[in-house]
Amino acid sequence: MRHLLTILFLLLAPPLAAQDEDIQAVIESQMRAFQAGDSAAAFEHASPLIKQIFGNSRNFGMMVRQGYPMVWNNAETRFLDLREIDGELWQKLQVRDAAGDLYLMDYRMVQTENGWQIDGVVLLPAPQLGV
């Protein structure tokens, strides 16, 4: 019976690879909006909680420009691993800003009635490199 339940779970659970593509598309779309200076388009990808916190796209854009300038003025993104941590999906990214500096970031993603949305971003510490 347990074996049957495991098989059913695997068949009914959406594959992480499919989620990965959908999540990456949302983040890429928001990054393009930031590159274009379009706070309103970027705000559309924010979760209901983020929208409630900032109230409008102008406040949201101002927060990103001041708190995450590497996101606002991003030149390149590279998707790393998608992980599930305590039931939440986190997408790790490498972001290169316009000056060429690299940053590691984690995007917390939530599924809403409007699809995947961004529920928070964490700037990760730079990895320590040994010499």
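Rules and cut-offs
Residues numbered from 1 in each chain as written. Predicted model: local features only at pLDDT ≥ 70, side-chain atom pairs only at ≥ 80, totals over all residues. Heavy atoms only, no water. Helix = DSSP H or I, 4+ residues; strand = E, 2+ residues; numbered from the N terminus. Buried < 20%, exposed > 50% of the residue type's maximum accessible area, 1.4 Å probe, protein only. Arc of directions from axis to C-beta. Polar contact = N/O pair within 3.5 Å; in protein donor to acceptor, adjacent residues only side chain to side chain. Contact = heavy atoms within 4.5 Å. Salt bridge = Lys/Arg side-chain N within 4 Å of Asp/Glu carboxyl O. Pairing = 2+ DSSP bridges.

**Describing the environment of methionine 105**
Alright, step 1. Along the chain, methionine 105 turns up in strand 3 (residues 102–112).
Alright, step 2. On the accessibility criterion, methionine 105 (0% relative accessible area) is buried.
Alright, step 3. A C-alpha to C-alpha distance of 5.6 Å links methionine 105 and valine 122, two positions 17 residues apart in sequence.

**Remarks on helix 5 (residues 57–67)**
Alright, step 1. Within helix 5 the residues assigned to the buried category are Phe60, Gly61 and Val64. One side of helix 5 carries all its buried residues, which in axial view fall inside an arc of 95°. When the buried face of helix 5 is taken as reference, the exposed residues oriented beyond 90 degrees from it are Arg58 and Gln66.
Alright, step 2. Of the residues that open helix 5, the one with a side-chain oxygen 3.1 Å from the backbone nitrogen of arginine 58 is asparagine 56.

**Here we look at the environment of leucine 80**
Alright, step 1. You can see leucine 80 is positioned in strand 1 (residues 74–85).
Alright, step 2. For leucine 80, a relative accessible area of 27% translates into the label partly exposed.
Alright, step 3. In this view, leucine 80 contacts Gln91, Lys92, Leu93, Gln94 and Leu104; residues no more than four positions away in its chain are not counted.

**Re the pattern of salt bridges**
Alright, step 1. Under the definition given, this model contains three salt bridges.
Alright, step 2. Put simply, arginine 83 and aspartate 106 hold a salt bridge, and the shortest N to O gap is 2.6 Å. Of the two residues, arginine 83 sits in strand 1 while aspartate 106 sits in strand 3, which places them 23 residues apart along the sequence.
Alright, step 3. Looking at arginine 83, the relative accessible area reads 18%, which means it is buried.
Alright, step 4. Here aspartate 119 ties to arginine 108 by a salt bridge, and the two come within 3.2 Å at their closest N and O atoms. Of this pair, aspartate 119 sits in strand 4 (residues 115–124) while arginine 108 sits in strand 3, and the two are eleven residues apart along the sequence.

**Quick notes on the side chain of glutamine 30**
Alright, step 1. Topologically, glutamine 30 is positioned in helix 2 (residues 16–35).
Alright, step 2. Setting aside anything within four residues of it in sequence, one finds glutamine 30 in contact with Ala42, His45, Ala46, Phe60, Tyr107 and Ile118.

**A short note on the pairing of strand 2 (residues 88–97)**
Alright, step 1. Taking burial as the measure, the ten residues of strand 2 include seven buried ones, the bulk of the element.
Alright, step 2. The pairing of strand 1 with strand 2 spans nine bridges and is classified as antiparallel. Counterpart to phenylalanine 79 in the pairing with strand 2 is leucine 93.
Alright, step 3. Remark: two residues form the turn of the hairpin made by strand 1 and strand 2, two consecutive strands paired antiparallel; aspartate 86 in that turn has positive phi of roughly 50°.
Alright, step 4. Between strand 2 and strand 3, which pair antiparallel and follow one another directly, the connecting turn spans four residues, one of which, glycine 100, has a positive phi of 95°.

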